[in-house]
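# Descriptive structure summary
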Protein chains: 2
Amino acid sequence: MKERGVLTVISGFSGAGKGTLVKKLISEHDNYSLSISMTTRSPRAGERDGVDYFFIDRDAFERNISEGRMLEYAEYVGNYYGTPREYVEKQLSEGRDVILEIEYLGAFQVKKMLPEALLLFVTPPSADELLRRLRGRNTETEDKIRDRMKRAIEEADIVDKYEYILLNDDLDTCVRQTHEIIQNAKYSVSRNAAFIKEIKKELIETVG
Amino acid sequence: MKERGVLTVISGFSGAGKGTLVKKLISEHDNYSLSISMTTRSPRAGERDGVDYFFIDRDAFERNISEGRMLEYAEYVGNYYGTPREYVEKQLSEGRDVILEIEYLGAFQVKKMLPEALLLFVTPPSADELLRRLRGRNTETEDKIRDRMKRAIEEADIVDKYEYILLNDDLDTCVRQTHEIIQNAKYSVSRNAAFIKEIKKELIETVG
């Protein structure tokens with residue numbers, strides 16, 4: 001049997017660079033799977049079911065919710081979006097490490113459903129740098145940037161519910177640290193209850 | 001100001017190879033300091049005060065205990081042995097990562113005094129391997145080995161109070177993992193309360 005993979009939830013300030021971080025992490029290591037979201041919105045041109053999203057209708061999504069088959073979900077502009085448990089569980093049981101890039105409300109839902117989940121929060125080195133990155137995008141109005149900064153203040157209040165802070169200053173360093181933290185989670189005592197039980201049993205048998 | 005170092009307590013089954021692990025870890029990286037124990041026993045030939053041990057008399061040791069200046073201590077064959085807090089604190093405040101190789105009763109005393117301490121437990125891959133290593137030493141009677149195995153059963157009961165298990169199968173791998181786990185502890189949310197507070201303050205000032 002393959003050792004169970006680690007489920008990692010990655011959140012972070014908007015502008016912290018978590019999308020780039022996740023993309024680089026996955027491209028550099030072949031042990032990671034990105035979770036696939038489920039949604040009730042219609043597929044856009046080129047989007048494939050089971051690759052970009054799992055597309056299902058509203059009734060089916062609500063049945064999934066009521067049957068506890070969503071790790072997390074939210075409604076946004078009239079459509080449901082969420083993470084189906086089955087896909088994640090299948091990947092984990094095959095020994096793959098699953099990455100879930102979601103916001104904090106979803107992160108806390110996941111942690112409640114699967115307490116083994118590792119919660120990481122990505123932040124730039126300073127608020128100034130966050131602002132600089134948001135402005136550097138050149139795609140957003142000052143009003144929109146202000147909204148994102150306000151949202152960041154809200155997020156700063158709940159960072160302490162995460163387990164690790166990833167300071168995304170140098171991207172390569174951040175990718176390396178993220179990989180190490182996830183891989184070393186496999187050695188946490190809470191994930192090794194079965195091993196501890198087994199070695200104790202063996203010790204007792206050996207002493208006789 | 002240098003970032004505060006990490007205090008790591010390393011325990012493990014007798015025969016797990018923790019001494020070798022600690023020695024290699026310290027020789028490969030220059031950020032670690034080994035804690036220096038304090039004792040009431042007399043110095044042996046060649047032992048230097050403040051290097052091998054801090055040698056003090058019984059009254060002074062007991063005064064240290066009553067004044068809360070020992071991170072942990074125990075009495076063994078009529079002499080006190082323990083870890084003075086001051087030396088450890090000085091190293092940590094200079095940004096050095098301190099390694100404390102002690103048994104579990106001491107480890108739990110340290111964790112109570114300094115909850116930030118990281119508790120690692122070293123184990124061989126199996127009970128058979130533990131037995132093989134103990135016999136391989138060729139220095140101990142079967143009775144003594146049996147005692148160590150019994151002690152290991154006792155230790156297996158408290159491993160779950162540690163934070164990480166270090167499987168010492170391949171020494172180089174184990175040294176690397178130990179180093180990574182200790183260094184990444186610096187990114188745990190619980191160690192970054194000040195940074196989170198600061199970035200929140202900055203965000204609020206930026207939004208104005």
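Keep in mind the model is a prediction, meaning the values are calculated, not measured. (Residues numbered from 1 in each chain as written. Chains lettered and ligands numbered in written order. Predicted model: local features only at pLDDT ≥ 70, side-chain atom pairs only at ≥ 80, totals over all residues. Heavy atoms only, no water.)

## Side note on the overall build of chain A
- A tally of helices and strands in chain A yields eight helices and nine strands.
- Overall, chain A is about 75 × 45 × 30 Å in size when its C-alpha atoms are taken along their principal axes.
- Counting only residues that meet the buried cut, chain A has 47% of its 208 residues in that class.
- Look at the contacts in chain A between residues 6 or more apart in sequence, and 68% of them connect residues 24 or more apart.
- Accessible area of chain A: about 10700 Å², with a carbon and sulfur share of 49%.
- Across chain A, 32 positive and 37 negative side-chain charges occur, with their mean positions spaced 0 Å apart. (Helix = DSSP H or I, 4+ residues; strand = E, 2+ residues; numbered from the N terminus. Buried < 20%, exposed > 50% of the residue type's maximum accessible area, 1.4 Å probe, protein only. Contact = heavy atoms within 4.5 Å. Areas by Shrake-Rupley, 256 points an atom, 1.4 Å probe, with all protein chains shown as cover. Lys, Arg positive; Asp, Glu negative; His and termini not counted. Charge placed at Lys NZ, Arg CZ, Asp CG, Glu CD.)

## What about the interface of chain A and chain B?
- Taken together, the contact pairs 41 residues of chain A with 41 residues of chain B.
- In total, chain A and chain B occlude about 3700 Å² of area from one another, counting both sides; carbon and sulfur atoms represent 70% of this.
- Looking at the side of chain A facing chain B, the largest losses of area belong to Y187(A), L203(A) and V207(A), adding up to 18% of the total buried there.
- Our count for the contact surface shared by chain A and chain B stands at two salt bridges.
- Close ionic contact of D157(B) with K200(A) constitutes a salt bridge, the shortest N to O distance being 2.7 Å. (Buried area = accessible area lost by both parts, 1.4 Å probe. Salt bridge = Lys/Arg side-chain N within 4 Å of Asp/Glu carboxyl O.)

## Let's talk about the sheet that holds strand β7 (residues 97-101) of chain A
All names here are of chain A.
- If you walk across this open sheet you meet the five strands as β2-β7-β1-β8-β9, and the pairing is parallel. Looking at strand neighbours, the two that pair on one side only are β2 (32-34) and β9 (164-167), the edges of this open sheet. Averaged over all pairs of adjacent strands, the angle between strand axes in this sheet comes to 30°, irrespective of strand direction.
- In this structure, strand β1 (residues 7-12) lies alongside β7, joined through four bridges in parallel fashion. Across the sheet, the residue bridging to T8 is I99, located in β7. (Pairing = 2+ DSSP bridges. Axes fitted to C-alpha atoms, helices over the stretch in contact; angles between N-to-C directions.)

## Here's the deal with unusual backbone geometry
- The phi dihedral of V77(A) falls on the positive side, at around 45°, and the residue is not glycine.
- We classify V77(A) as exposed; its relative accessible area is 69%.

## Digging into helix α8 (residues 193-207) of chain A
- Across its 15 residues, α8(A) extends 21 Å between first and last C-alpha, which sits within 8% of the 21 Å expected from 1.5 Å per residue.
- Buried residues of α8(A): I196(A), I199(A), L203(A) and V207(A), and no others. With its buried residues spanning 70° around the axis, α8(A) presents them on a single face. The exposed set on the far side of α8(A), more than 90 degrees from its buried face, consists of A194(A), K197(A) and E205(A).
- Contacts from the buried residues of α8(A) go to β8 (118-123), α5 (127-136), α6 (142-156) and β9 (164-167) of chain B. (Expected span 1.5 Å × (residues − 1). Arc of directions from axis to C-beta.)

## Topic: the sheet that holds strand β3 (residues 38-39) of chain B
Residue and element names in this part refer to chain B.
- Strands sit in the order β4-β3-β6-β5 across an open sheet of four strands; the sheet is mixed. At either margin of the open sheet sits one strand with a lone partner, and together these are β4 (54-55) and β5 (70-76).
- In this sheet, β4 lies alongside β3 in parallel orientation, the contact comprising two bridges. If you follow M38 over to β4, its bridge partner there is F54.

## So, the pattern of salt bridges
- Within this structure, the stated rule accounts for 40 salt bridges over all chains.
- Note that R58(B) is salt-bridged to E75(B), the shortest N-O span being 2.6 Å. Here R58(B), found in helix α2 (residues 58-66), pairs with E75(B), found in strand β5; they are 17 residues apart in sequence, far enough to count as distant.
- The class of R58(B) is partly exposed, set by a relative accessible area of 34%.
- Residues participating in the shared-partner salt-bridge network are R4(A), R85(A), E89(A) and E116(A).

## Details of the confidence of the model for chain A
- Confidence along chain A averages 93 in pLDDT terms, with 99% of residues attaining 70 or more.
- In the predicted assembly, ipTM is 0.86 and pTM is 0.90. (pLDDT = per-residue confidence, 0-100.)

## Some details on the environment of M38(B)
- With respect to the element layout, M38(B) can be found in strand β3.
- Note: C-alpha distance between M38(B) and Y81(B) (43 residues apart in sequence) is 5.7 Å.

## Concerning the relation of the copies chain A and chain B
- At an RMSD of 0.0 Å, chain A and chain B line up after a rotation of 180° and a shift of 0.0 Å along the axis. As the rotation angle and translation indicate, the two copies are arranged about a two-fold axis. Considering only C-alpha atoms, the residue of chain A closest to the rotation axis is E180(A), which sits at 3.4 Å. (Least-squares fit on C-alpha atoms with pLDDT ≥ 70 in both.)

## Some points on the environment of K186(B)
Residues and elements named next belong to chain B.
- Relative to the assigned elements, K186 resides in the loop between α7 (171-184) and α8 (193-207).
- Along the primary structure K186 and E3 are separated by 183 residues, whereas in three dimensions their C-alpha atoms are 9.2 Å apart.
- When sequence neighbours within four positions are dropped, the list of residues in contact with K186 reads E3, V6, D97, R191 and N192.
- At a separation of 3.1 Å, a polar atom in the side chain of K186 contacts the side chain of D97. (Polar contact = N/O pair within 3.5 Å; in protein donor to acceptor, adjacent residues only side chain to side chain.)

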